[in-house]
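Geometric and topological summary
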Amino acid sequence: MSQHDIALTVNGRAYRGTVPARLTLVDFLRDHLRLTGTHTGCEHGVCGACSILFDGQPMRSCLIFAVQADGATITTVEGLAPDPAGLSVLQDCFWETHALQCGFCTPGMLIAAQALLNRNRAPSDEEIREAIGGNLCRCTGYKQIIDAIKLAASRLQGANAPLDQKGAGSHG
Amino acid sequence: MAEQTFRYIAKKRRPKEDRRFIAGAGRFVADLALPGMLHVALVASPYPFARIRGIDSEAARALPGMIAVLTGAELAAGTDPTLPGVDAPKVKRWPLAHEFVRYPGEWVAAVVAESRAIAEDAAELVEVDYEPLTPVTDPEAAMKPDAPAVHPDHGSNVLFRKKWVWGAVEEDFAAADQTLSFRARWHRSSTVPIETFGVLAQWNPAQQLLDVWASIQMPKFADQLAKALRLPGNAVRVHFDVDVGGSYGVKRGLKHSILAGFLAKKLGAPVRLMEDRLENMRGGDAQGPDRIFDMQVAFGNDGIIRALKIRALDDCGAHAGRAPLQLGKPVGAICGPYRVNAVEYEAISVTTNKTPQEAVRGFGQAPTNFALETAVDRVAAALGMDRLAVRRANLIRAEEFPYTIPSGSTYDSGDFQTVLEKALTAADYPALMAKRDEARRKGKLAGIGIACCLEPSGGNSAFEPLFNPKNETTTWMEACSIKIDGAGAVVVSINTSSSGQGHESLAATVVGEVLEREPETIRVVRADSLSALPSNSPVGSRMAIMLGGAAAGAAKKLKEAITAIGAHKLGLAIGDVEYHDGAVMSRADPAKKASWEAIAEIAHRKFHELPPGIEPGLQASHVLEVPTGGTLPGPDGRVQMYPCYAFEAHIVYAEIDRITGQVALGPYIVGHDCGVMINPDIVHGMTYGGIAHGIGAALYERFRYDESGQFLSGTFMDYLIPSAHEVPDVAIVDHCTPSPLTAFGQKGSGEAGYLGAPAAISCAVNDALAPLELKIAELPMTPGLLGDLIATAKKSSS
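What counts and what doesn't
Residues numbered from 1 in each chain as written. Chains lettered and ligands numbered in written order. Predicted model: local features only at pLDDT ≥ 70, side-chain atom pairs only at ≥ 80, totals over all residues. Pairing = 2+ DSSP bridges. Helix = DSSP H or I, 4+ residues; strand = E, 2+ residues; numbered from the N terminus. Axes fitted to C-alpha atoms, helices over the stretch in contact; angles between N-to-C directions. Domains from an automatic or database assignment. Nonpolar A, V, L, I, M, F, W, Y, C, P; charged D, E, K, R; others polar. Core = buried A, V, L, I, M, F, W, Y, C linked by C-beta atoms within 7 Å. Buried ≥ 20, exposed ≤ 12 C-beta atoms within 10 Å, placed from the backbone. Contact = placed C-beta atoms within 7 Å.

Here we look at the sheet that holds strand E2 (residues 13-20) of chain A
All names here are of chain A. Reading across from one edge, E2-E1-E5-E3-E4 is the order of the five strands in this open sheet, with mixed pairing throughout. The sheet terminates laterally at E2 and strand E4 (57-60), the two strands that pair on one side only. Looking at each pair of strands side by side, their axes are set apart by 40° on average, direction ignored. Looking at chain direction, strand E3 (residues 51-54) and strand E5 (residues 73-75) are connected through two bridges and run antiparallel. Its bridge partner lying in E5, Phe54 is registered against Ile74.

As structure tokens, then:
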């Protein structure tokens, strides 16, 4: 098995590693970097639990080899919050609407939703469904997830409003 | 029960456990890593039925990084088999096939290596010599005397067969104005959580102790694991602080855990077994009910249903754990929410060469509800009556509770009519009918579905003795313990793992309610199986009732102790003080009070200030028996199954694409009454999710096998789980009829939505097909199935 040196940025931090050619990116993130927030649900690119932002685009890390991430900038669920102790507006909205139950699909769902909000601050219900349509959730029936994304969009639209309206939850 | 006012219960509250999941900081079994951990890959049978002639693992063993290959023969010699929930002692199951493979995908050998990748490489090098046998794949064929026996030692494929007659069924059928009969088919699907099952086991030889971390939801898992491994129960420690990535019944990987535990002990290293998706779907032994209902209904010209004859034949697959018992739970709601005078029920469970079943959300109730609601629709059609009118005429009325059904269960409370009417109002039913009729005028296939379904809750064990007289289990208790430290901080200990039900929020809210302390300040921890008090895990929509009840019971004991300590401190009789916000104060002079902190300090440090008879330290535990539990079934099989009955009324609009057969759903309204909701967001979430799951079972999800027994649905491209595109916006209309049996009037709700959605969608599809004079009583109604059906109508009409 050939080994390859890679260098990439994950959640703002530079990493170097040597990986076997067949190692998937999700296994690299989980097993090598111990970033276990990114989950594997099907390993054939359908469920979306392994979604990450790859150079800003939502992508399935089970369908990419680690060597393909050489030079890439990656954000995982662990990198969504502004600081390790805090929550992003979107994460806080997921908490507010209880947009999860078991929490297994949640990291991928957050990534898909964040990618949407990064390009569209006022998504319609249809656009939200489209954005999370590739992420399967077995617990929620998607309703409270859609509510969370709508809430986050409205809070982010008010980003210039006073601080207490920005979505930093009182329970946070 | 008088209307209660609550401080924390029934209020919006952010669930405690959500915080870690949104940060990506859940602790799932695949996230755990131990030094020196080994990985398992599995060699799976390509045949549905075959004799194993030999296994050659020489090439596999030569691979660098390989540790061991384990076969069924060695495992069977070193472990005890697990047995079915019914009395069939010769139907033995080991984690690896022994002598025979009985279904496609059954595990034949386990390969252990330093990494999962190496283990998979090695598994491909294991050569198994099979002698293929003729499989049996059809449950009706499996019942025939000349059918190949999946378990020859058992003598036939019939694992369980019993007929009960409750009431004057024959007389009612003879006297009825009309009767009708039909067959309803619920094909094989399951809950299919996004997290597959996984287990990590580590044997500690110095302590003679097996530590187990698993994504488990299973009553008495640790006991059964220890028994199979021939260990005393106190030599297995299951850690319940593992987050379970969805279960809805199926996360019961006993065979996986026996295998991992055996390997960990044998190899002296931590061993992890994580299913991949194919293993989960094919060899994870977690498929669901696969049922043929033959229904007969006796009814009057007025639409009143007098009696039912139900024959349910379930194909449990190649092995039976608790699968046959899924025919048992519906006995507790065998006539649904309707007044039916008499019921005959025949339950048959057979083995075939398919993947075994596991417990699926509702434990057999969702298929039964589908058959019952189809019966109601058939009665309406036979009489030319409105479907709603038939339901209204037969629903049990609010003033009739508690109401005992022919099979012996008493429904605790309800107001079915009101819930149905509220749902119809919210749906604007006349407008919905106008929308349907307008769509039909435009040539569309449009329909409205209605389903009125019960959701038995409280997770009792009564189906065990009903289906196996040798099993005299009459309690499925649940426990909770609470400690208050010397500074007044509260820790609640629960005794099971959770898979999304919000048990930490539940326990904190209930304890906060009783002790009048902010739930946010209460920490909830999980015992391991050795330190745990008794639990029967979150099954049968029981935890709001059982964990909620146990937590309330423990909190009330603490409140009494605090009150006694406070009264003693104030020099007053207990009757002269009152408990308020955690402090104890004089009724006569509220300024005279002992604070929460002062009482905690007394309990922990000042024995000299404790009243006589009060233990030092502030801790209490409570073990709760299931309300109404504790008795064996009567000789006629009459039994109180579960204590509490929630009710759901679904209204759904559907349009079917004539060409593709695709069903578009929505609006979707559900009226729901599960008594007092401890946390409304959590209850609503489970209901939305249950409906989504029901949409899958109704329209998309099916584990398919071809006629030769090959399994065809091993990926998410073959087994279709509803995405955000297929699940419409659902509106829930709440109603609250408190249960008289529970601490706060709560009922269970973990199976909400799923118990009625398949029935409702089937009803909508049939309404849409009615203008074509087509009907169908088969789930899932996949696009292909509906498209073909519609095409036949066009042919016959052209």
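Some details on the sheet that holds strand E1 (residues 38-44) of chain B
Residues and elements named next belong to chain B. Strand order across the open sheet formed by seven strands is E3-E5-E1-E12-E9-E10-E11, with mixed pairing between neighbours. Two strands lie at the open edges of the sheet, namely strand E3 (66-71) and strand E11 (236-239), each paired on one side alone. The average angle at which neighbouring strand axes cross in this sheet is 25°, direction not considered. As defined by bridge partners, E1 adjoins strand E5 (residues 107-113) across six bridges and the pair is classed as antiparallel.

What about the domain arrangement of chain B?
All names here are of chain B. As far as domains go, chain B holds domain 1 (18-24 + 477-624), domain 2 (32-133 + 197-274) and domain 3 (291-462 + 632-797). Summarising the inter-unit geometry, the C-alpha centres of domain 1 and domain 3 are found 40 Å apart. Elements supplying a minimum of two residues to the side of domain 1 that touches domain 3: helix H15 (503-515) and helix H16 (543-570). Here the side of domain 1 that touches domain 3 takes six residues from H16, the largest share from any one element. Among the residues forming the side of domain 1 that touches domain 3, the class breakdown is eight nonpolar, nine polar and one charged.

Some details on the nonpolar core
Residue and element names in this part refer to chain B. One finds Val111 and Val511 to be the most contacted residues of the largest nonpolar core, which totals 313 residues. Of all the elements, H16 adds the most residues to this core, at 15 residues. Once you skip the residues sitting within four places of it in the chain, Val511 turns out to touch Ile482, Val490, Val492, Ile522, Ala551 and Ala555.

Thoughts on the pairing of strand E15 (residues 342-351) of chain B
Residues and elements named next belong to chain B. For E15, a buried count of nine out of ten residues is recorded, marking the element as mostly surrounded by other parts of the structure. Judged from the eight bridges that link them, strand E7 (residues 158-166) and E15 form a sheet pairing that is antiparallel. Opposite Trp166, over in E15, you have Val343 as the bridge partner. Strand direction decides the pairing type here: strand E14 (residues 305-317) and E15, joined by ten bridges, are parallel. Looking at the pairing, Asp315 lines up with Val350 of E15.

Focus: the domain arrangement of chain A
All names here are of chain A. Taken domain by domain, chain A holds domain 1 (3-79) and domain 2 (89-165). Computed over C-alpha atoms only, the centres of domain 1 and domain 2 are separated by 22 Å. Of all elements in the fold, only E3 and E4 reach the threshold of two or more residues within the side of domain 1 that touches domain 2. Looking at the side of domain 1 that touches domain 2 residue by residue, the class counts come to seven nonpolar, six polar and no charged.

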